[in-house]
Amino acid sequence: AMMLHGMEGYVQSAKDIIGTARYIKEELKKIPGLRLVGDPVGTVIAFASDEFDIYRLAGDLSSKGWELNALQFPSSLHICCTKLHAVNEMENSKRLIADITAA
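A short tour of the structure in this document, coming up. Everything numeric in this text was worked out from a predicted model, so none of it was measured.

### Details of the overall build of the protein chain
Turning to step 1, where the next piece is worked out: On a plain count of helices and strands, the protein chain comes out with three helices and four strands.
Turning to step 2, where the next piece is worked out: Listing each helix as α and each strand as β along the protein chain from the N terminus yields α-β-β-α-β-β-α.
Turning to step 3, where the next piece is worked out: Counting all 103 residues of the protein chain, 36% fall into the buried class.
Turning to step 4, where the next piece is worked out: Accessible area for the protein chain stands at about 6500 Å²; split by element, carbon and sulfur atoms hold 55% of it.
Turning to step 5, where the next piece is worked out: In the protein chain, 11 positive and 13 negative side-chain charges are present, and the distance between their average locations comes to 3 Å.

The structure is reproduced here in structure tokens:
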């Protein structure tokens, strides 16, 4: 990535991705029934629920085109934020949050 985009482009991409991860983290905290697993400081965010089957949520999201990774102990899902989540003013991330909220 650095060879293609140069140092400035690489640094900007990193800032965009980290900013997007922070956005997703903060938005997930607002969704009733969800809780974060730990306190993510990087670009991987895990979340769980004590109120409903988190794997059912994964299935609902899968039907909308999202493929989040399922985890266990605790039962949870995680997303690894990438440039694809950050592009177009975080359009994909905003859609993910909307889809999670609607599910």
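### Some words on the nonpolar core
Turning to step 1, where the next piece is worked out: Leu28, Leu34, Ile45, Phe47, Leu57 and Ile100 are the most contacted members of the largest nonpolar core, which totals 21 residues.
Turning to step 2, where the next piece is worked out: Only α1 (2-29), β2 (44-48), α2 (54-62), β4 (76-80) and α3 (83-102) provide two or more residues apiece to this core.

### Re the environment of Leu71
Turning to step 1, where the next piece is worked out: Counting through the fold element by element, Leu71 comes out in strand β3 (residues 69-71).
Turning to step 2, where the next piece is worked out: Remark: the alpha-carbon pair of Leu71 and Ile54, spanning 17 residues in sequence, is separated by 9.8 Å.
Turning to step 3, where the next piece is worked out: Aside from chain neighbours lying at most four places away, what touches Leu71 is Ala46, Tyr55, Ser76, Leu77 and His78.

Conventions we followed
- Residues numbered from 1 in each chain as written.
- Predicted model: local features only at pLDDT ≥ 70, side-chain atom pairs only at ≥ 80, totals over all residues.
- Heavy atoms only, no water.
- Helix = DSSP H or I, 4+ residues; strand = E, 2+ residues; numbered from the N terminus.
- Buried < 20%, exposed > 50% of the residue type's maximum accessible area, 1.4 Å probe, protein only.
- Areas by Shrake-Rupley, 256 points an atom, 1.4 Å probe, with all protein chains shown as cover.
- Lys, Arg positive; Asp, Glu negative; His and termini not counted.
- Charge placed at Lys NZ, Arg CZ, Asp CG, Glu CD.
- Core = buried A, V, L, I, M, F, W, Y, C linked by side-chain atoms within 4.5 Å.
- Contact = heavy atoms within 4.5 Å.

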